[in-house]
Amino acid sequence: MAKKDKETVKEDKNGTSDISKSKAKREQRKKEVAREKQRRRTAKIIGGVAAAAVVAVIAAAVGQNVYLSSMRTTPSDDFSAGLTADGRIEGVNVGDALTLVDYANIVIPADEVRATDEEVEGDINATLQSHREASTDETLEIKDGDTVNIDYVGTIDGVAFEGGDSNGAGYDLTIGSGSFIDDFEQQLIGHSPGEELTVEATFPENYRNDDTVAGKDASFAVTINSITVTPEFTDEFVAKNFSEEGFSTAEAYRASVEDRFYEQHLEDYLADYIIENSTVKSYPSDYLKQLRAITKYNDESMLASYNQMFSSYGMTAYENLWDMMGEDINDELSYEKDLRERAKETAKTAMVYQAIYEDAGLTIDLDAAIAELSETYGEEYMADMRATQGDGYLAQAQIQEAVMDYLMARYKTE
């Protein structure tokens, strides 16, 4: 075997050999340099990626802010801007700007506009409820669910207590509501107006944290003043309450309710139909911009109204506009996008109604309309409306009303 190089190899006490110390150091240094180069190279790559990500985030944020700034709508309360004095959209030939529905040949599905039994019965029951009266008829007996008027004086161990006396003012109580303690209300069942009775009841142990009555037995001297009675839907009831409207029988009144719901359904159907079956070819950009401004003004007014109402309870309803707009609108950008969609819907409606108005040769008399509205709402109110909203806006509303009257007259069946 060849002689080993003394400078590179030596034997240890066990007869094994190692790389010389100097060579080992050189090899170790090479490894360290290689690792350092790899570390720097990796750091450079990661740093570059991170820097690029930061730049991208900043750029996106700046870009969105710039984009949002360009989109942000300035509210306006100039309701008549973009409209002529007679209520038409300025500088727009609506006949060319949309494909108008064939409004002269609409087929009305009877099932969709007919009044339902539930609607009619619900309306009549609401009318009966609004005509309920307190009765002192001594032949009546209190039932669960009845509303009664009572007076009472409560005592504990023969001594009157605070809040236990109606002071002769009468108190309206609905039996079964749980408004009074223990089974107070149930003990009135079966009794009649004019009766006086004693009701025994026990206050809850934790009653309003009031130690003076909590957990104690009380005795109430009760006088039943009246029972609220819901009238029956009869000819007599209708003649008594609706003769001035021209009704003398229950059958005639029911027919009027059915007709009212029919007209409501028909109007809703026609309004939806003419919009859904017309197609806008081009929107007037200036008018759209103004509609966005008006819509945002209305939104801000609503927000202020909500917050004013809630502030009386020490609360804030909404912090900003998009908070009150629904789940899909959660920031200013989505609000502005929604604002544009709503403006398009409003513009389309205005264009369709104006197109039918012009095509059908309809006319309006704004002064006559305002005079009629003044009789209903008062001259001062209408003068303020005219000053704040302008003739163009009011005339546009009259155009839409004229179109709907025209369509209703055309399609309403007797």
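The coordinates are above.
Not measured: the values here are computed from a predicted model.

Caption draft 1: Representation of the pairing of strand 6 (residues 159-165) in the model. Where strand 5 (residues 147-156) lies against strand 6, 3 bridges are found, and the strand directions are antiparallel. The residue bridging valine 153 from the neighbouring strand is aspartate 165, located in strand 6. The turn joining strand 5 and strand 6, which pair antiparallel and follow one another in sequence, is formed by 2 residues; a positive phi near 55° is taken by aspartate 157.

Caption draft 2: Highlighting the side chain of serine 226. Tracing the sequence through the fold places serine 226 in strand 9 (residues 217-229). Contacts of serine 226, omitting those with residues within four sequence positions, involve Ala134, Ser135, Thr136, Val148, Asn149 and Pro193.

Caption draft 3: Main features of the packing of aromatic side chains. This model, assessed by the stated rule, comprises 20 aromatic pairs. Summarising the aromatic geometry, the rings of phenylalanine 242 and tyrosine 253 are spaced 4.7 Å apart at their centres and angled 35° between planes, so their arrangement reads as tilted. Separated by 11 residues along the polypeptide, phenylalanine 242 in helix 5 (residues 235-242) and tyrosine 253 in helix 6 (residues 250-276) bring together distant segments of the chain. For the pair phenylalanine 242 and tyrosine 253, a shared accessibility class is recorded, and that class is buried. Consider the rings of phenylalanine 247 and tyrosine 253, whose centres lie 5.7 Å apart with planes at 85°: the pair is edge-to-face. Among the aromatic side chains, those forming a connected cluster through ring pairs are Tyr152, Phe161, Tyr171, Phe180, Phe184, Phe203, Tyr207 and Phe220. We note arginine 260 situated over the ring of phenylalanine 261; from NZ or CZ to the ring centre the distance is 5.7 Å.

Caption draft 4: Inspection of the pattern of salt bridges at higher detail. This structure, assessed with the given rule, holds 15 salt bridges. Residues arginine 72 and glutamate 332 are paired through a salt bridge, measuring 2.6 Å at the closest nitrogen-oxygen approach. Highlighted residues: arginine 72 in the loop between helix 1 (21-71) and helix 2 (94-97) and glutamate 332 in helix 8 (residues 332-359), separated in sequence by 260 residues. Taking the relative accessible area as the measure of exposure, arginine 72 reaches 40% and is therefore partly exposed. Taking relative accessible area as the criterion, glutamate 332 reaches 17% and is therefore assigned buried. Among the charged side chains, a salt-bridge network with shared partners connects Asp86, Arg88 and Glu358.

Rules used in this analysis
- Residues numbered from 1 in each chain as written.
- Predicted model: local features only at pLDDT ≥ 70, side-chain atom pairs only at ≥ 80, totals over all residues.
- Heavy atoms only, no water.
- Pairing = 2+ DSSP bridges.
- Helix = DSSP H or I, 4+ residues; strand = E, 2+ residues; numbered from the N terminus.
- Contact = heavy atoms within 4.5 Å.
- Phe/Tyr/Trp six-rings, centres within 6.5 Å; stacked < 30°, edge-to-face > 60°.
- Buried < 20%, exposed > 50% of the residue type's maximum accessible area, 1.4 Å probe, protein only.
- Lys NZ or Arg CZ within 6 Å of the ring centre and 35° of its normal.
- Salt bridge = Lys/Arg side-chain N within 4 Å of Asp/Glu carboxyl O.

These figures capture arrangement, not role.
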